Amino acid sequence: QVQLVESGGGLVQAGGSLRLSCAASGRTFSSYSMGWFRQTPGKEREFVAAVHWLGNAYYGDSVKGRFTISRDNAKNTVYLQMNSLKAEDTAVYYCAAQTASYRGGLINLNDYTYWGQGTQVTVSS
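Scoring rules and cut-offs
Residues numbered from 1 in each chain as written. Predicted model: local features only at pLDDT ≥ 70, side-chain atom pairs only at ≥ 80, totals over all residues. Heavy atoms only, no water. Helix = DSSP H or I, 4+ residues; strand = E, 2+ residues; numbered from the N terminus. Buried < 20%, exposed > 50% of the residue type's maximum accessible area, 1.4 Å probe, protein only. Contact = heavy atoms within 4.5 Å. Polar contact = N/O pair within 3.5 Å; in protein donor to acceptor, adjacent residues only side chain to side chain. Disulfide = S-S within 2.5 Å. Core = buried A, V, L, I, M, F, W, Y, C linked by side-chain atoms within 4.5 Å.

(A) Molecular detail of the environment of Val-48. Relative to the assigned elements, Val-48 resides in strand β5 (residues 46-51). Overall, Val-48 belongs to the buried group, its relative accessible area being 1%. With residues near it in sequence (within four places) discarded, Val-48 still touches Trp-36, Phe-37, Arg-38, Tyr-58, Tyr-59, Gly-60, Val-63, Phe-67, Leu-80 and Tyr-93.

(B) Structural context of the side chain of Arg-66. By the element assignment, Arg-66 lies in the loop between β6 (57-59) and β7 (67-72). A polar side-chain atom of Arg-66 sits 2.8 Å from the main-chain carbonyl oxygen of Ser-62.

(C) Expanded view of the side chain of Asn-76. Here Asn-76 is to be found in the loop between β7 and β8 (77-82). Taking the relative accessible area as the measure of exposure, Asn-76 reaches 16% and is therefore buried. Asn-76 has contacts with Cys-22, Ala-23, Ala-24, Ser-25, Gly-26 and Phe-29, leaving out every residue within four places of it along the chain.

(D) Main features of the state of the cysteines. Taken as a whole, this structure holds 1 disulfide when the rule is applied. There is a disulfide in this structure between Cys-22 and Cys-95, and the S-S distance comes to 2.0 Å. Given an S-S torsion of about -80°, the disulfide between Cys-22 and Cys-95 has left-handed geometry. Of this pair, Cys-22 sits in strand β3 (residues 18-24) while Cys-95 sits in strand β9 (residues 91-97), and the two are 73 residues apart along the sequence. Judged on exposure class, the residue Cys-22 and its partner Cys-95 are both buried.

(E) Representation of the nonpolar core within the structure. In terms of nonpolar packing, the biggest core is built from 28 residues, with Leu-4, Met-34, Trp-36, Val-78, Leu-80, Met-82 and Tyr-93 touching the most fellow members. Of all the secondary structure elements, the ones that give two or more residues to this core are β3, β4 (34-39), β5, β7, β8, β9 and β11 (119-124). The contact partners of Tyr-93, leaving out residues within four places of it in the chain, are Glu-6, Leu-20, Trp-36, Phe-37, Arg-38, Val-48, Phe-67, Leu-80, Met-82, Gly-118, Thr-119 and Val-121. One finds Phe-37, Ala-96, Leu-106 and Tyr-112 within the second-largest nonpolar core, a separate group that totals 6 residues.

Quick look at the structure:
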């Protein structure tokens with residue numbers, strides 16, 4: 001089992017920055033890929049970014065060039081640095097983890113087995 005705890009959400013003005021963190025339990029963090037998704041009321045959960053267990057990063061089109069995902073395997077933590085925030089980035093952001101044996105894709109909800117509780121990000125315009 002992997003438990004994920006997100007932090008770092010909050011209220012920020014448009015154009016500002018926030019950094020989300022996701023701390024994972026377990027001793028095999030370096031062996032599985034991690035992702036960030038977001039969701040607003042009435043909409044499906046949307047892929048934001050993912051970092052492969054080998055270190056490669058992938059981004060949704062709406063955040064490319066503004067968001068950066070990274071991981072610190074020594075701290076069992078994945079980060080999402082969000083810059084140039086827009087009102088449309090307002091959402092609940094969820095951290096997700098794959099199983100250590102999963103070697104499928106990275107951008108779909110069903111690629112992930114474990115989910116955090118979510119953290120609210122609100123961008124005021």
